Amino acid sequence: MQFGLMLRGNFARGDDMRARLEEHLEQVRLARDLGFASITKGSHYSTHPFQGFQQLPFLTRVAAEAPEMRLVAGIILLPLHKPLDLAEQLATIDIMSGGKLTVGVGLGYREVEFKAFGTSKKESLRRFNENLEAIRRLWSEEKVWMRGSHFELDGASCSTKPLQKPHPPIWIGANADGGIRRAGRLGLPWYINPHNRLDTIERQMELFREELDEAGHTPPQEIPMRREVFVAESREEALRLCGPYLKKKYDSYHQWGQDKAMPEGDNDFGVQLEELIEDRFILGSPDDVAGQITRLNRRLGVNHLIISLQWPGMPHALALDTMRLMAGEVFPRVWREVAVSETTDKETG
């Protein structure tokens, strides 16, 4: 079981972004020292009323700060981009990080982003498929001839190839059933989202496995998942400390329409906090949190948990405190329980 840190970075308008950058880098260094395996940065554009750092330049900076850690672009909104540009940028980051880049890709859901990049939600799936094919070919072939709906590669080549061969790991981010089936057909890991309830994810994991089987793919060795996580001395204390900030973030998701991209029956973030967190987020004491993470490993096979633990307005010091509790008290509990479970499985298998 590996643990990663997600640096979302939603800051208020007028905030001192240079100071916020230094805080992010302090979190990176602490994550490095505490034994986190990866740093993840997501991507959105036009994030009013919040400010944030753009994904690829930020990950490049992190590569210099923590060269031994994995970097996860999780996720790139693939339909918004041109494949040659992304292929070259990502290959460059892979080289700069010593071959430690993982590339997460997804469709996106916000009209403001689609319109700003000259496309639409209707075109997003076709552009996603075309871009993914083109990028993989650019990474593996000397020259590529391919005509897409929004580009033409006429003997185009990627100016530098990724260090990892044949290319960096690719994860498919998805909320809806169709995207999860797509990941299975491609034989690529489903990057399990932080939003859906566990009962929804268990149902969707069956869809993913069915598609893997039908396409003849071997199940991926890595099963990554992102989750909202906060640990304190008790569940009551965890909710008191993080609840207002977590609710503020999910209110913004509700306004953006993130929940409408999720399956029916699990697609409303406009509810009270107590209902919102139920079977969705990992909050509580070290024992509570370790138990919930261990269950994710046993029920879903999750073996790379990427933790989001800071939300809009939350003090930097509070994020550092929960990081230390995670590494000092939660990680060891999880590793012990997972080791016992694996030993039992081998003995009974």
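Residues numbered from 1 in each chain as written. Predicted model: local features only at pLDDT ≥ 70, side-chain atom pairs only at ≥ 80, totals over all residues. Heavy atoms only, no water.

A tally of helices and strands in the protein yields 11 helices and 13 strands. Compactness check: the protein gives a C-alpha radius of gyration of 20 Å against a globular reference of 20 Å for 349 residues, within 12% of the reference. Each principal axis of the C-alpha distribution contributes one length, and for the protein these read about 60 × 60 × 40 Å. Across the 349 residues in the protein, those meeting the buried criterion constitute 56%. Considering only residue pairs separated by 6 or more positions, the protein has 73% of its internal contacts joining residues 24 or more positions apart. Within the structure as shown, the protein displays about 14,900 Å² of accessible surface, and the carbon and sulfur contribution to it stands at 49%. Taking the average place of the 45 positive charges on the side chains of the protein and the average place of its 50 negative ones, the gap between the two points comes to 4 Å. (Helix = DSSP H or I, 4+ residues; strand = E, 2+ residues; numbered from the N terminus. Rg over C-alpha atoms; globule rule 2.2 N^0.38 Å. Buried < 20%, exposed > 50% of the residue type's maximum accessible area, 1.4 Å probe, protein only. Contact = heavy atoms within 4.5 Å. Areas by Shrake-Rupley, 256 points an atom, 1.4 Å probe, with all protein chains shown as cover. Lys, Arg positive; Asp, Glu negative; His and termini not counted. Charge placed at Lys NZ, Arg CZ, Asp CG, Glu CD.)

This model, assessed by the stated rule, comprises 15 aromatic pairs. Ring geometry for Tyr253 and Phe269: centres 6.3 Å apart, planes at 50 degrees, overall tilted. Taken together, the residues Tyr253 in helix H8 (residues 235–256) and Phe269 in the loop between H8 and helix H9 (273–277) connect sequence positions 16 residues apart. A residue is classified by how much of its surface remains accessible, and Phe269, at 0% relative accessible area, is buried. Through a chain of ring-to-ring contacts, three or more aromatic side chains come together here, namely Tyr250, Tyr253, Trp256, Phe269 and Phe281. Arg182 extends its terminal NZ or CZ atom over the ring of Phe128, reaching a point 5.6 Å from the ring centre. When the ring centre of Tyr253 is taken as reference, the NZ or CZ atom of Lys249 above it lies at 4.4 Å. (Phe/Tyr/Trp six-rings, centres within 6.5 Å; stacked < 30°, edge-to-face > 60°. Lys NZ or Arg CZ within 6 Å of the ring centre and 35° of its normal.)

Bringing the pairing of strand E9 (residues 170–174) into the picture now. Burial runs high along E9: 5 of the 5 residues are buried. Burial of E9 is two-sided: the residues Ile170, Ile172 and Ala174 facing one way and the residues Trp171 and Gly173 facing the other way are all buried. Relative to E9, strand E6 (residues 101–106) runs parallel, the two sharing 3 bridges. When the sheet's bridge partners are listed, Gly104 is paired in E9 with Trp171. (Pairing = 2+ DSSP bridges.)

Here helix H3 (residues 83–96) spans 20 Å end to end across 14 residues, near enough to the 20 Å set by a 1.5 Å rise per residue. Of the residues making up H3, those classed as buried are Pro83, Leu86, Ala87, Leu90, Ala91, Ile93 and Asp94. Looking straight down H3, one finds that the buried residues subtend no more than 160 degrees of arc, so they occupy a single side. In the core, the buried residues of H3 are packed alongside helix H2 (55–65), strand E5 (70–77), E6 and helix H5 (121–140). Following H3 by one or two positions, Gly98 adopts a phi angle in the positive range, close to 75 degrees. (Expected span 1.5 Å × (residues − 1). Arc of directions from axis to C-beta.)

With omega at 15 degrees, the peptide bond leading from His48 into Pro49 counts as cis. Summarising the element assignment, Pro49 is placed in the loop between strand E3 (38–41) and strand E4 (50–51). That bond from Gly74 to Ile75 is cis: its omega, 10 degrees, falls within 30 degrees of zero. Mapped onto the fold, Ile75 is located in strand E5. Positioned with a positive phi, Ser46 is a non-glycine residue whose angle comes to about 55 degrees.

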